[in-house]
There are 2 protein chains.
Amino acid sequence: MAAFTSKDVARIAGVSQSTVSYVMTGKRPISERTRQRVLDAMEQLTYEPHSGARALAGRRTRVVGLVVRFGAGGDAFGLLPFIETIANSARAHDHEVLLVTADEGSAGLRRLAGRALCDAIIMMDIEEHDDRVPVAAALSVPVVLIGVPADPAGLHCVDLDFEAAARMAVDELADTGHDEIVVVGYPASVMERGLNYVGRFLRSARRQAQVRGLPLTVIEPVEHGQEAAAADQLLTRRTGGRLGVVVPHSDAIVPLLNALRKQDVVPGRDISFIGLSPDREAGQSDPPYTNISVEPRDVSRRAMETLFWLLDPSSGVERPPIDLVAPRLTRRTTVMPTPSN
Amino acid sequence: MAAFTSKDVARIAGVSQSTVSYVMTGKRPISERTRQRVLDAMEQLTYEPHSGARALAGRRTRVVGLVVRFGAGGDAFGLLPFIETIANSARAHDHEVLLVTADEGSAGLRRLAGRALCDAIIMMDIEEHDDRVPVAAALSVPVVLIGVPADPAGLHCVDLDFEAAARMAVDELADTGHDEIVVVGYPASVMERGLNYVGRFLRSARRQAQVRGLPLTVIEPVEHGQEAAAADQLLTRRTGGRLGVVVPHSDAIVPLLNALRKQDVVPGRDISFIGLSPDREAGQSDPPYTNISVEPRDVSRRAMETLFWLLDPSSGVERPPIDLVAPRLTRRTTVMPTPSN
DNA sequence: ACGCATCGTCGATGCGTATCGACGCACAGC
DNA sequence: GCTGTGCGTCGATACGCATCGACGATGCGT
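Conventions and cut-offs
Residues numbered from 1 in each chain as written. Chains lettered and ligands numbered in written order. Predicted model: local features only at pLDDT ≥ 70, side-chain atom pairs only at ≥ 80, totals over all residues. Heavy atoms only, no water. Helix = DSSP H or I, 4+ residues; strand = E, 2+ residues; numbered from the N terminus. Buried < 20%, exposed > 50% of the residue type's maximum accessible area, 1.4 Å probe, protein only. Contact = heavy atoms within 4.5 Å. Pairing = 2+ DSSP bridges. Axes fitted to C-alpha atoms, helices over the stretch in contact; angles between N-to-C directions. Buried area = accessible area lost by both parts, 1.4 Å probe. Salt bridge = Lys/Arg side-chain N within 4 Å of Asp/Glu carboxyl O. Polar contact = N/O pair within 3.5 Å; in protein donor to acceptor, adjacent residues only side chain to side chain. Near = heavy atom within 4 Å. Nonpolar A, V, L, I, M, F, W, Y, C, P; charged D, E, K, R; others polar. Expected span 1.5 Å × (residues − 1). 1 Å grid on protein atoms, 1.4 Å probe; cavity = no way out; pocket = protein on both sides within 12 Å on 5 of 7 lines; lining within 4 Å. Points joined across faces, edges and corners; volume = space filled by probe spheres on them.

Q: What is the right way to read the overall build of chain A from this model?
A: Each helix and strand counted, chain A has 14 helices and 12 strands in total. For chain A, the spread of C-alpha atoms along the principal axes amounts to about 85 × 35 × 35 Å. Per-residue burial over chain A gives 54% buried out of 341 residues. Sequence-distant contacts in chain A: of pairs separated by 6 or more residues, those separated by 24 or more amount to 70%.

Here you go:
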């Protein structure tokens with residue numbers, strides 16, 4: 001494991017170092033015969049190019065910076081699937097992933113760009129008013145946001161279409177003849193962080209309820225462990241009409257269902273229930289609930305496509321600056337069917 | 001943001017480039033006056049050293065490679081806390097974290113070392129017989145394992161002391177006058193992966209039960225969604241004696257508790273229950289269960305200490321090649337107290 | 001006053017790769 | 001046969017920093 005250089009490869013293949021380089025980059029034509037000799041030599045030495053030297057000479061690192069926020073809060077509907085998808089996508093483009101925790105704030109961003117640690121950055125957990133966004137916009141490397149801040153400052157954003165999700169939930173309940181909608185709000189810890197999607201969801205739900213002529217109330221907050229109280233609060237709403245409950249905070253769904261069960265309230269019979277969560281959780285829950293999908297993989301895949309397009313605009317079709325992934329409604333057991341008169 | 005170089009800093013400070021370098025590394029004495037001038041110049045330009053150039057010239061990258069396995073399976077008691085702790089620790093040493101998914105197998109390892117992408121590697125989710133371990137051992141960079149394989153091949157390992165945990169669980173039940181112990185085994189998906197701790201836990205539990213003269217049975221497998229069946233199987237054991245249940249697979253704990261509740265079996269009254277899980281989960285569960293802690297943060301912190309010690313052995317005390325973190329038992333409500341005769 | 005060690009700084013060099021200009025060659029057209 | 005045109009290859013250079021040897025300045029002892 002003595003670490004070979006392209007010069008070693010060149011010597012063995014009987015060519016010059018620059019030829020080896022051209023074989024790797026393909027930026028100049030190389031005869032098939034020479035090419036093969038070089039590839040053989042590489043194989044023989046198990047040669048790997050030195051990434052530092054590459055970054056220095058080529059001005060690109062083949063590294064993607066990933067800025068995530070670990071501190072709990074926000075829907076923890078899996079940071080992992082996001083990271084996994086991003087890692088796989090990076091790998092597919094022969095890029096590495098450098099992890100930066102958001103606790104560092106914008107200092108991490110400056111480091112990534114200033115030290116030439118990566119060619120592009122993908123930043124998650126964007127808040128509605130996020131200090132890091134203007135900093136990111138001023139960097140010399142392209143940045144893609146997962147989440148949509150109030151002012152994207154020209155950066156590309158990818159996110160689930162929370163407004164469409166809210167409309168979808170309201171429409172589903174309206175279409176099935178409900179009289180009233182209650183949205184279980186986000187816990188204070190999430191609200192405080194001003195995560196962008198919180199506001200977008202609630203506003204859109206209110207608007208759509210108005211359009212459909214349904215009264216809509218937001219109950220809040222539902223803190224962890226307080227789900228029983230929320231369930232109570234929720235049930236006092238039940239005036240004998242058809243009540244539909246929408247729970248956008250995925251962490252609150254299962255506890256709420258449990259709290260309802262304890263009170264012998266059966267979703268799908270006594271009230272209706274729609275959650276915003278990954279499909280898998282919704283299907284495996286007891287009972288399986290009607291949900292609007294939040295698929296991290298879709299979102300991060302799109303974000304990576306945008307990122308690589310920014311790195312090489314010639315490589316694909318133009319990407320929209322704000323790319324919202326359409327949610328999907330899956331009907332299960334928890335929405336009461338339209339009464340058949 | 002034109003990206004300044006140390007030469008720019010040197011020019012502004014009125015010194016040579018090498019002096020700037022020595023100010024940064026501290027490898028040669030620099031007068032306080034000069035030092036300050038250089039630091040001022042750096043500040044003024046918001047200079048950041050080019051990491052590629054640094055890696056090339058200095059032969060170290062200040063990057064830690066982190067190899068994780070995303071594919072579900074194994075106790076998913078939070079990959080995130082591990083990653084977070086590792087990221088923070090790296091940051092504290094002015095190192096970055098490069099993420100490699102284990103799906104790539106040992107190819108990822110070779111890439112990390114071959115391309116000089118990092119100075120050291122930390123590898124998680126080690127299996128009892130893990131192909132990657134011999135590869136890792138042959139690399140030119142130090143590697144720390146989180147988990148203990150059958151043959152560590154000379155690598156340093158850090159892990160929870162699962163054997164002590166098993167002994168602890170058995171002792172707790174024995175000390176409180178139980179007649180029989182049932183260990184709820186791991187699901188087949190985990191067993192198949194041959195994760196090292198599974199075997200270590202089960203073997204140690206059996207041994208200790210023998211020492212304490214208690215019959216111990218292992219029920220398996222408990223697949224996701226099959227917890228009710230497991231609960232049935234478990235309760236058939238109840239011959240009127242004092243039955244203690246140990247659940248090492250943290251993901252199975254809450255579903256099992258739920259299944260028991262449905263059958264009106266109250267842990268702490270009718271049977272005893274000990275789970276292996278993070279303290280937080282145990283305390284917030286309903287009911288809070290007696291648990292043996294599995295604290296990812298402790299483990300990964302120790303792993304990082306070992307890693308940085310390997311990078312600079314003069315920096316601290318020698319580290320043991322196999323470093324097991326002692327578990328901790330927290331008594332809550334689910335173990336029946338010793339009958340007072 | 002003179003040699004000697006120490007401190008602080010500088011210039012030069014090398015790290016491994018990408019890239020630019022040059023050059024030799026075969027082959028086309030005339 | 002001679003010039004032009006790509007094609008394939010080479011040599012040289014630059015990238016930004018760490019490090020080594022050198023060297024002037026200073027303070028010490030005698």
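Back to the text.
Q: Can you help me understand the sheet that holds strand β12 (residues 329-330) of chain A in this one?
A: Sheet strands pair via backbone hydrogen bonds, and the direction of the pair is either parallel or antiparallel. All names here are of chain A. The six strands are arranged β7-β6-β8-β9-β10-β12 in an open sheet whose pairing can be described as mixed. The outermost strands of the open sheet, each flanked by one partner alone, are β7 (216-219) and β12. Where strand β10 (residues 290-293) lies against β12, two bridges are found, and the strand directions are antiparallel. When the sheet's bridge partners are listed, asparagine 291 is paired in β12 with threonine 330. Relative to the sheet, helix α8 (residues 162-175) contacts β6 (180-184), β7, β8 (243-247), β9 (272-277), β10 and β12, its axis offset from that of β9 by approximately 165 degrees.

Q: Looking at this structure, I do not really get the interface of chain A and chain B. What am I missing?
A: How large an interface is tends to be reported as the accessible area lost when its parts come together. Each side of the interface is counted separately: chain A has 40 residues, and chain B has 39 residues. Carbon and sulfur atoms supply 59% of the area buried between chain A and chain B, which totals about 3700 Å² over both sides. Counting across the interface, chain A meets chain B through eight salt bridges. Salt-bridge contacts for Arg91(A) lead to Glu104(B); the nearest nitrogen and oxygen are separated by 3.6 Å. Here chain A and chain B share 12 residue pairs in polar contact (both at pLDDT 80 or more) between them. Those elements giving two or more residues to the side of chain A that touches chain B turn out to be α4 (51-58), α5 (79-92), β2 (96-101) and α6 (106-114) of chain A. No other element matches α5(A), which puts seven residues into the side of chain A that touches chain B.

Q: Would you take a moment to explain the pattern of salt bridges for this structure?
A: Should the charged atoms of two oppositely charged side chains come close, the side chains can pair. Residue and element names in this part refer to chain B. Under the defined criterion, the tally for this structure stands at 51 salt bridges over all chains. For arginine 203, the salt bridge goes to glutamate 128, with nearest N and O atoms at 3.6 Å. Of the two residues, arginine 203 sits in helix α10 (residues 196-212) while glutamate 128 sits in the loop between β3 (120-123) and α7 (132-137), which places them 75 residues apart along the sequence. Where arginine 328 meets aspartate 279, a salt bridge forms, and the shortest distance between an N and an O atom there is 3.4 Å. With arginine 328 in the loop between β11 (322-325) and β12 (329-330) and aspartate 279 in helix α13 (residues 279-284), the pair connects residues that are 49 residues apart, well separated along the chain. When its relative accessible area of 15% is taken as the criterion, aspartate 279 is described as buried.

Q: Even after reading the chapter, I still don't get the protein's contact with DNA strand C, so can you show me in this structure?
A: Within the structure, DNA strand C sits among 30 residues, and Ser6(A), Arg28(A), Tyr47(A), Thr19(B) and Thr34(B) are positioned closest to it. Arg28(A) is positioned with one of its side-chain polar atoms (N or O) 2.3 Å from a base oxygen of DNA strand C. Measuring from a phosphate oxygen of DNA strand C, one finds a side-chain N or O atom of Ser31(B) at 2.9 Å. Ranked by the residues each element gives to the surface near DNA strand C, the list is headed by helix α2 (residues 17-25) of chain A, at five residues.

Q: Explain the protein's contact with DNA strand D here, please?
A: Neighbouring DNA strand D are 30 residues, the closest being Thr19(A), Thr34(A), Ser6(B), Arg28(B) and Tyr47(B). The share of sugar and phosphate among atoms of DNA strand D within 4 Å of the protein is 53%. A distance of 2.5 Å separates a phosphate oxygen of DNA strand D from a polar atom in the side chain of Thr19(A). Tyr47(B) is positioned such that a nitrogen or oxygen atom in its side chain is 2.4 Å from a phosphate oxygen of DNA strand D. Of all the secondary-structure elements, those providing two or more residues to the surface near DNA strand D are α2 and α4 of chain A together with α2 (17-25) and α4 (51-58) of chain B. The leading source of residues in the surface near DNA strand D is α2(B), at five residues. The residue inventory of the surface near DNA strand D, partitioned by class, reads 12 nonpolar, 13 polar and five charged.

Q: Teacher, can you tell me more about α5(A) here?
A: Each turn of an α-helix holds 3.6 residues, which means side chains three or four residues apart point in the same direction. All names here are of chain A. Under the 1.5 Å per step criterion, the end-to-end length of α5 is 20 Å for 14 residues, consistent within 8% with the ideal 20 Å. For α5, the buried fraction is high: 10 of the 14 residues fall into the buried class. Turning to α5, its buried residues are Leu79, Pro81, Phe82, Ile83, Glu84, Thr85, Ile86, Ala87, Ser89 and Ala90. Count one or two residues on from α5 and you reach aspartate 94, which has phi positive near 55 degrees.

Q: Looking at this structure, how should I read empty space enclosed by the protein?
A: Any empty space left between the atoms is revealed when a probe the size of a water molecule rolls over them. Taken as a whole and assessed by the stated rule, the structure comprises five cavities of 30 Å³ or more. Surrounding the largest cavity, 16 residues form its lining, Ser51(A), Val63(A), Leu117(A), Ser51(B) and Leu117(B) being those nearest its centre. Sorting the residues of the lining of the largest cavity by element identifies α4 of chain A together with α4 of chain B as the ones contributing at least two each. For the lining of the largest cavity, a count of residues per class yields 10 nonpolar, six polar and no charged. Of the voids in this model, the second largest cavity is the one considered here, and its volume is about 80 Å³. Taken together, the residues of the lining of the second largest cavity sort by class into two nonpolar, three polar and five charged.

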